[in-house]
Amino acid sequence: MTETAGAESSNPTSANTRRVSAFRKAAAGVVLVAAVAGTAAYKYDEANRPRIISGPMIQAPTADSVSVIWTAQSPFDEGAVTLVAPDGEKTELRVRPSEGRYVATFDKLTKGARYDYTIANAGFLSSHAAESGPHAFRVTPGRDESARILAFGDSGVGSNTQQILARVMAAQKPDVVVHTGDLIYPAGAEKDYPPNFYRPYSDLIATSFFLPTLGNHDVASDKGAPLLAQFILPENGPPGVEAERNFWFDWGPARIVGLDTNLDAHGGVISHDQMKTDVATWLRETLTDCDATWRIVYFHHPFYTGSAHSAEGSAFVKEAFLDVFEAAGVDLVLCGHNHLYERTAPMRQDRIVPLGEGIIYVTTGAGGAQRYPEGENPPDYIVRYDDGQFSFSKIDLSPSTLSFAQLGEDGQAIDTFELTRSTR
């Protein structure tokens, strides 16, 4: 009888099989873990994928600097702006949000030059970065350069018409947009900025500096604090008055001044006496101590008008500022409040005077909110009005001419006029 060597005698083939099987199980486990980890990472990225919420918007123009601001959902917080100079040189600035928004400021820029920029917020997976751009802006031009400015007011209702007019405005490729107040209806609330401002004007604010003044609807929420929180406006206003409510900036051959005409008795922060003293004194100095060819002022309440909000209702503004406007040689005053277009003859001391001897007052309040009709018997000083369509003002400036056109929903001119330097 033959006896075996033992129950555990080695079998090379069997041992190899067991090792391969163990390896396969381990490999399968690694693959499973990797798959689970990859799925989790994808789901995390999907849930936290960056997205731009508002902007980009260019702000704070100076002779050599610009700020780009935006808000975003960004799981890793950091955002970046890539700036491309006219010669192709690239500069990247990385920023983290402050008080919920990103602010990237570029300085030492070339006066009057055009730059391209792109913003980005990275996600967990690089392919899921949120980007916007390239967009372009122009640095503040010098006195001897030409410029284009748009003006309008009474706009922020979030309507289709507002968005249509916004596209027409963006197509004009302005350098700057000034707003004469009532940017957000019904009451200037922060929650209404996304649908009533950022969405309709997304193309416009990415390429044009947007500088609004406060209207009576804007100050209905916390005296206008939500509007001031959205923008970076010049802090060069009158001493003793909250910054950014009154300001000035230079653009090409013009000095442009924005005023807050909301009295404390009606939701604002300033008394009539303070308007007549502190603000008027600052305004006189601002308008006279400069070498600009053109002087433009904008604010909400018109005191030369024939529509629903009477001229008499804004007489407090006239009492505070008319003498300053006339003494300083203001060329053009832009207002809103009445939701239509009106233009006066040149005015001085409440009388119609020849072109070049007075100030032209424009009501440009047909920016998107329900329109108001002109009165049945317009004042004699109203030489042109349009209450049948939404519209905005286009102002082309050069050292020798100020060319004005009021454009309607189709981009066609409703009214035009021109001032020349020789008429000053």
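Reference entry: report on the structure contained in this document. (Residues numbered from 1 in each chain as written. Predicted model: local features only at pLDDT ≥ 70, side-chain atom pairs only at ≥ 80, totals over all residues. Heavy atoms only, no water.)

**Things to note about the packing of aromatic side chains**
Part 1 of the reasoning: Evaluated as defined, the whole model comprises 24 aromatic pairs.
Part 2 of the reasoning: Where phenylalanine 197 meets phenylalanine 231, the ring centres are 5.4 Å apart and the plane angle is 75 degrees; that geometry is what we call edge-to-face. Taken together, the positions of phenylalanine 197 in helix α3 (residues 193–198) and phenylalanine 231 in the loop between α5 (225–230) and β11 (247–251) put the pair 34 residues apart, joining distant regions of the chain.
Part 3 of the reasoning: Taking relative accessible area as the criterion, phenylalanine 197 reaches 0% and is therefore assigned buried.
Part 4 of the reasoning: Ring-pair connections join several aromatic residues into one group, and the members of that group are Phe152, Tyr193, Phe197, Tyr198, Tyr201, Phe210 and Phe231.
Part 5 of the reasoning: Positioned above the aromatic ring of tryptophan 248, the side-chain terminus of arginine 255 is 3.9 Å from the ring centre.
Part 6 of the reasoning: Sitting above the plane of the phenylalanine 390 ring, arginine 371 keeps its charged end 4.6 Å from the centroid. (Phe/Tyr/Trp six-rings, centres within 6.5 Å; stacked < 30°, edge-to-face > 60°. Helix = DSSP H or I, 4+ residues; strand = E, 2+ residues; numbered from the N terminus. Buried < 20%, exposed > 50% of the residue type's maximum accessible area, 1.4 Å probe, protein only. Lys NZ or Arg CZ within 6 Å of the ring centre and 35° of its normal.)

**So, the sheet that holds strand β19 (residues 382–386)**
Part 1 of the reasoning: Spatial ordering of the open sheet is given by β11-β12-β13-β14-β18-β15-β19, a layout of 7 strands whose pairing is mixed. The open sheet has two edge strands, β11 and β19, and neither has a second partner. On average, each strand axis in the sheet is inclined to that of its neighbour by 15 degrees, with strand direction left out of account.
Part 2 of the reasoning: Pairing between strand β15 (residues 341–344) and β19: 4 bridges, direction antiparallel. Residue pairing in the sheet places tyrosine 341 in a bridge with aspartate 386 of β19.
Part 3 of the reasoning: Packed onto the sheet, helix α6 (residues 272–288) meets β11, β12 (254–258) and β13 (294–298) and runs at close to 165 degrees relative to β12. (Pairing = 2+ DSSP bridges. Axes fitted to C-alpha atoms, helices over the stretch in contact; angles between N-to-C directions. Contact = heavy atoms within 4.5 Å.)

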